[in-house]
Each structure stands twice: as structure tokens, then as C-alpha cells.
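Results of the structural survey
Letter by letter, the chains look like this.
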Amino acid sequence: MNRAPLIFLGIFFTVAFSWTGIVLTNHLMYADLQPVFDENEGRAFPQPLPGDALRGKEVYRDLGCMYCHSQQVRHPGFGTDIQRGWGERGSVARDYIHERRVYLGTMRTGPDLRNVGARFAGEGGRNWHIQHFYNPTEVSNVTLSNGRTYGSIMPPYRFLFRTQPIIGEPSPRSVQHLLPAKDQPPVGHEIVLTQRGEDLIAYLLALKDPPLYPEEARRVYVPPAQPDRGEPRPGTAPESTREVLQ
Amino acid sequence: MSATLTESLRPTATPELAKRVELSAIDASTRGPVLYFLGSSILWLILGTVFALIASIKMHAPEFLGDSEWLTWGRVRTAHLNAVAFGWSVNASFAVAIWLMARLARAEVRHAGMLTLAAVFWNVGLTIGIFGILAGDSTSIEWLEIPPYATPILFVAYALIGAWALITFRFGRSQHIYVSQWYILGALFWFPSIYSVAQVMLLLEPTRGTVQSLVNWWFAHNFIGLWLTPIGVGAIYYFLPKVLGKPIHSYYLSILGFWSLALFYNWAGVHHLIGGPVPVWVQTAGIAASFMMVVPVLVTAINHHLTMVGSFSALKYSPTLRFIVFGAVNYTLTSLVGSLASMRSFSEVVHFTQHTVAHAHHGLYSFFTMVMFGAVYYIVPRVTLKEWPSVKLISLHFWTVAIGNIAMIGALTIGGIEQGINMNVLPTNPDGTAGEPMAFLNVMAQTLKWLEWRTYSGILITVGHVAFAINFAWMLWQPRKPGITQPALFRNAPDMEVAR
């Protein structure tokens, strides 16, 4: 009695089944999502990242930032993301269509970063990131009711900075004026952000999703059924919703 | 028919001397590749444990090695994962699978050179890969971090092993396919299929948007479900009846367990994306499949338990049995926790927390790694014809890793649930309205004590791994003593026959 062929068939079909269902079906369904043109703004959204931010994303990859920081906002009513100010809306698949590599993340040892560019923006945001990368524990801390102060457990990224002797004019990129007294370089030296550090901060400043696209406003946020308008059959959407669903 | 069935249930209960001799010849033929794979797996285990300790200490003392870019948390954690998943687990799986395949097919290993070459390729590829991760070439795709320049080397290794397995299976003398072989054959086919599809769809020709995340978790969960789990469960199905010297309780339950696992585990990976920007229907399908995993898990648990019933006293004697039973019990527990954690309401709280880390270690360590330890304690004496030099070291190994496991997984499970409640549940004001969420830094501060626990339990586990490695090296180096008939047991069993 040799059941080997049957076993092999079963082994093949089970994995083919899940690949078809999870991967292929979804690939066919929505891998070709397109940006949406906004007539008022005269631009299509989402917008691709600028070049320096794209280089920064490579630094984000190589340092493994995504193992502590997710990049997905949960929808209102599921978790507390909206209340925390991590976004104005839940993330939708269209937000990610320009990304050659998607870092949704599965861990929140640190906060979600999908819209960190909205929380820390411009010159002030850049300065905060510089101080924070140099010394996370001192920049972010909290004192609990037990009287103890706890600093952030984000590791320091001082290797994204360089201490160098000042030759001639001080560099316009020197950052030591942002750092506390104990971190000042020796006399005649200055601390500058490396190119990788500049790129990483450019990436973080660029992370920000646009307001909800009209398509998703209809599909994802279906308005609640209104029972006073006629008697919708159980299981069917009322007239008003059914229109926009199509 | 009935005779063949009985035989297939009792792979070893063949008292005739002729079969003993045959088994002995088969064992001897596996010696080179099995020891090569096991030796490298133990080296990776030690290295992976060092990475783990560094990562664990860094989580509550971030200035520890803080200025080393190569050992920054995001890299050293990833190096840990790949060293233990692809270094320790896969090398150990190869060794156990090769030995089991040869024994169960009743085929002496032909072309052992193929296997040794595969072992060289696998470990060279992995060394390059982990060096690349520390140097900053990680892909940052979970479970697929090994840089693309190292993966082709791993594929060569895999192709050699797959071809060898087919040859062995095809030319084996055994007419019957024991359930362990089903699992191993499944695993040997499934792993390269999912690995190559994931490589193509994520690295070579990446699909767009969050479809990538679906591919990622379809692969990552199936690496555990379709590679490590079948190897682990297949090993339990072999060693449990083998050490006890009695047949597995029910042949039909083992078939049901195999096919329900093959069908449902495949789909379960999507539960890592619950609440994320992927279609809700596929999340729901993933939750349903995760819940259906209760079927194969309970079926297997019942089958193993009923095999054990009446023989629990053997746990006092046999090191192999003690590790295997610890693993089997935790297979049931971790799978049930996994089914529960995939429920939307539970996932809303514990997703993104240390609970996930606890669950990963529960499956990969308390179940899989413990089963592999048990298998190593059984296999190595038979292929080297030597006995374990120190029973005390085996005992130290068992108790440190068992207590370390329970402490770590307990701490991170409870800590993860606390972290999840603090992070994801809105407190209720006295007037009944929803309050403000706890500030994020407070959530982190509350979690710190659990992270320190992990380091303490990790130190205990490290002690166990060192004891294991010393015992293994000592065994290989010690000269062979002729005429040993006594296996290394915790104490002498009065009436237990331990088949050689």
C-alpha cells in the first residue's frame, strides 16, 4: 500500500490553497490601486516621498526602527490611536501604494510613526529629533506617582553624529548648540549630523498621510444605517448607502 | 493489512536482532551529516543566546553598548532572531529530519556527501547573512531579514537536502509511511515553496502596497506552522512511543491531526494584521483559521496524552522523554493561546505588545526547541556509539531552561496584557464617559519591570545552553568506551527497556 502520491497532492494543494486565498486574490484585488487626483489641490494623493526622505527610509531599514515602531493607524473605535493623536483617521491600503517596501510593523515599544511628520514638523521638529536621537532618555521621560523618573528606552543614536575639529569656519550643520552642557565637544571641535542622520530626519519629517480619499470615505466609513427611512431588510444596506457602495 | 498497520504504528517495536543490526547500520550512515548539522546548530544556539541577552538588557538599559552601531537594538534583535530561527532551529531540524527519514524509510544514507555539502552551504550562507544584518544590510521584513545576496546560498543548501530526501524516500525498504514521515515530507516541501514565493514577491519583484504585508505574514507564520511545527510534532510522534516502547494511541487521530493542521495553519498568518490596512475579509478568514487550529491541536494533544497515560513515571528516568513531554504540553498551550489571541477583541488589546514576544517564544522555545533538545539526547548516542558524559549537566540543562522558560513567558504574557490594557483601552471616567488614554511614556514605564524579568530568566536559560554545549562537546571529544550498555538516564529505571 503506497499512499505517497496522495499525500504529496494533499501537501501541495493545502499550501496552494492558502497562497491563492491570501496572496493571489489580494494581489489581483488591490495591488493596482492608483493615486486619487484632488481637483481642489491640483495634485494626486498619496504623494511619493522626496529623494532625501527615500534615502532616510534606507537608514530606517538598516537600523531596524520598524521592530519598535509601527506605521499604521488603527481605525476609530479599535484601540486608542486616534485619541493619542497618532493620526486623524485610520490608515487605508491606498496610503502605501508608492512604497517599494511597506513597514506596517507589529510592535509598539515606541509610538506609531505613520504621521510623525505632523507631530514634529519644520525646524522645531528637526531640532527635537536631533536632541532626541542624541539622548532619548533625557529628552523623553516621565515621573510616576512612585516618585521615580523613567527615561525613554529608545537606544541613543549618537553614531549618527560626528565630532570633528573646526577647520576655518564652523560648519553650518553643527548641532552642539542644541545639546546640553554635558554633551558639548572639546574646545575647537564641533558636532555635526552625518548625512545618514540628515536623511533619517528628513524621512521622519515627511511621514504624514493626506486627508481621507473620497473613494475610501465611501467604502471604509460606511455611514450607519438609518432605521427611520423605510424598513431595510436585515442584511442589506439602506438605499442611501447602497448607492455609494457601487 | 493489519500487520502492516501495526508495524507502521510501532516503528521500533521490532525485537528481532536482525532489525537492530539494520537500525544500527542506518544510524551509523547518518553520522557525518547529523553531527555536522547538530554541531553547527549548537554553535548558533550559543551565538543567538548572546545576541538575545544583549537585546534584552538593552531594552531596560538602553545605554548598554549604546554607541555601537553594529549592536544597536534593531540590528542585534534581528541577528538574534535569525541566529536562533535559521541557525539553531533549521540546522537542528535538518539533523532530526535526516535521521528520522533514514530510520523510518529503513534506508541507509546514500550520498552523505550531498548532505554535508548542504550543511556547508547553509551555514556559510547564514554566516554571511547575519554578518550582513549586523552591518546594516537587513531587509527589515520580519523573518526574511537575511540580505538578498546571502539567500541564493541558502537555496543551494535546501535544494540538495530536498533532493536527498526524495531519493531516500524513494529507495527506502519500508513499505509503510509512518505519521512522522508525513510531517517531515510536508515540511520539506512546504518550506522551499513559501520561502521562494516570499523572496520573489517581496524582494525580486515586490508586489505593491500592503499586499506585501500579506505575503510577509503568510510566509512568516507558515515558517513556524509549515516547517518548525511539522518537524516538532513529527519528532514527538516518533520519540514518545519510541521511548515508552508502546504504540501511539490512535492512527486515525494522527491522520486527522495532520490534515487539519495542513489545511488551517496555512491561513492563520493574517492574524498578525488584524485592524491593519488590509481587506477585512482576509483578516476574518485568518481569525477563523486560527480558531480552527484548535482541532489539530486538541486531536494531537489527546493522541499524545493517551499514549502517555500509565507511563508518567518514565519521566523520572528518561531525559529525552522529559524534554519531549515538556515540548508537547507547551505545543498545546501555545496553540490555544494563539487561537485566543487572534480574536479581534483580544487582539485589539495585546497586538503590538510584549504578549506577542511571549507567544513567539512559547511556540519556538517551549515547544519546538525543547522537543529538539529531547531528540538530540536520543540521537547523538546512537550515531556516535558513546554515552552522554554527564547526567548532572543534562539535569542542569533541563531545569534551567524549563524554569527560565516559564519565568520569561509568564512575565511577558502578563506584562504584555498589562501593557496592552494601558496602551489600547480607554479608562472610564467616574461619570461613565471614556477618559483619556494613558500617556505613552507611562505605558513604557509600567512595562519596564517585566522587561527586567526577561533578562533574569534569560541568564538562567543561558546557563542551560552552556551546560548543553559543554556536554555535547565533551561527548564528541571523549574516547569511545567499548562495551557500554547503560544509557545515560537521570536514574536507573527498574523495568524500563530503552531501545537502542
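Placed above this text is the structure.
In this report, we go over the structure that sits alongside the text. It should be emphasised that the depicted structure is a prediction, and the values quoted were computed from it without experimental measurement.

Analysis parameters
Residues numbered from 1 in each chain as written. Chains lettered and ligands numbered in written order. Predicted model: local features only at pLDDT ≥ 70, side-chain atom pairs only at ≥ 80, totals over all residues. Heavy atoms only, no water. Helix = DSSP H or I, 4+ residues; strand = E, 2+ residues; numbered from the N terminus. Rg over C-alpha atoms; globule rule 2.2 N^0.38 Å. Buried < 20%, exposed > 50% of the residue type's maximum accessible area, 1.4 Å probe, protein only. Contact = heavy atoms within 4.5 Å. Lys, Arg positive; Asp, Glu negative; His and termini not counted. Charge placed at Lys NZ, Arg CZ, Asp CG, Glu CD. Patch = residues over 30% accessible without salt bridge, like charges linked within 9 Å, V, L, I, M, F, W, Y side chains within 5 Å. Areas by Shrake-Rupley, 256 points an atom, 1.4 Å probe, with all protein chains shown as cover. Salt bridge = Lys/Arg side-chain N within 4 Å of Asp/Glu carboxyl O. Buried area = accessible area lost by both parts, 1.4 Å probe. Polar contact = N/O pair within 3.5 Å; in protein donor to acceptor, adjacent residues only side chain to side chain. Nonpolar A, V, L, I, M, F, W, Y, C, P; charged D, E, K, R; others polar.

1. What about the overall build of chain B?
Within chain B, the regular secondary structure consists of 15 helices and 0 strands. Relative to the 2.2 N^0.38 estimate, which gives 23 Å for 500 residues, the radius of gyration of chain B is 23 Å and therefore close to what a compact globule would have. Considering only C-alpha atoms, chain B reaches an extent of 80 × 50 × 50 Å along its principal axes. When the 500 residues of chain B are sorted by exposure, 64% land in the buried category. Of the contacts made within chain B by residues no fewer than 6 positions apart, 84% connect residues no fewer than 24 positions apart. Here chain B carries 27 positive and 20 negative side-chain charges, and the mean point of each set is 15 Å from the other.

2. Details of unusual backbone geometry
Following F45(A), the chain continues into P46(A) via a peptide bond in cis, with omega recorded as -5°. Position of P46(A) among the secondary structure elements: in the loop between β2 (43-45) and α2 (51-63). The phi dihedral of S140(B) falls on the positive side, at around 60°, and the residue is not glycine.

3. Remarks on a nonpolar patch on the surface
All names here are of chain B. A grouping of L298, I302, L306, V309, F312 and L336 is seen on the molecular surface, where their side chains present a nonpolar patch of about 470 Å² in accessible area. The biggest single contributor to the nonpolar patch is helix α10 (residues 294-308), with 3 residues. Counting through the fold element by element, F312 comes out in the loop between α10 and α11 (319-341).

4. Let's talk about the interface of chain B and chain A
In this assembly, 96 residues from chain B lie in contact with 79 residues from chain A. Of the roughly 7400 Å² buried between chain B and chain A, counting both surfaces, carbon and sulfur atoms make up 64%. Viewed at the interface, chain A and chain B are joined by 4 salt bridges. Remark: the boundary between chain B and chain A carries 27 residue pairs in polar contact (both at pLDDT 80 or more). Looking at the side of chain B that touches chain A element by element, the count peaks at 10 residues for helix α6 (residues 179-204) of chain B. For the side of chain B that touches chain A, the class distribution of residues is 54 nonpolar, 30 polar and 12 charged.

Functional significance is not addressed by these values, which are geometric in nature.
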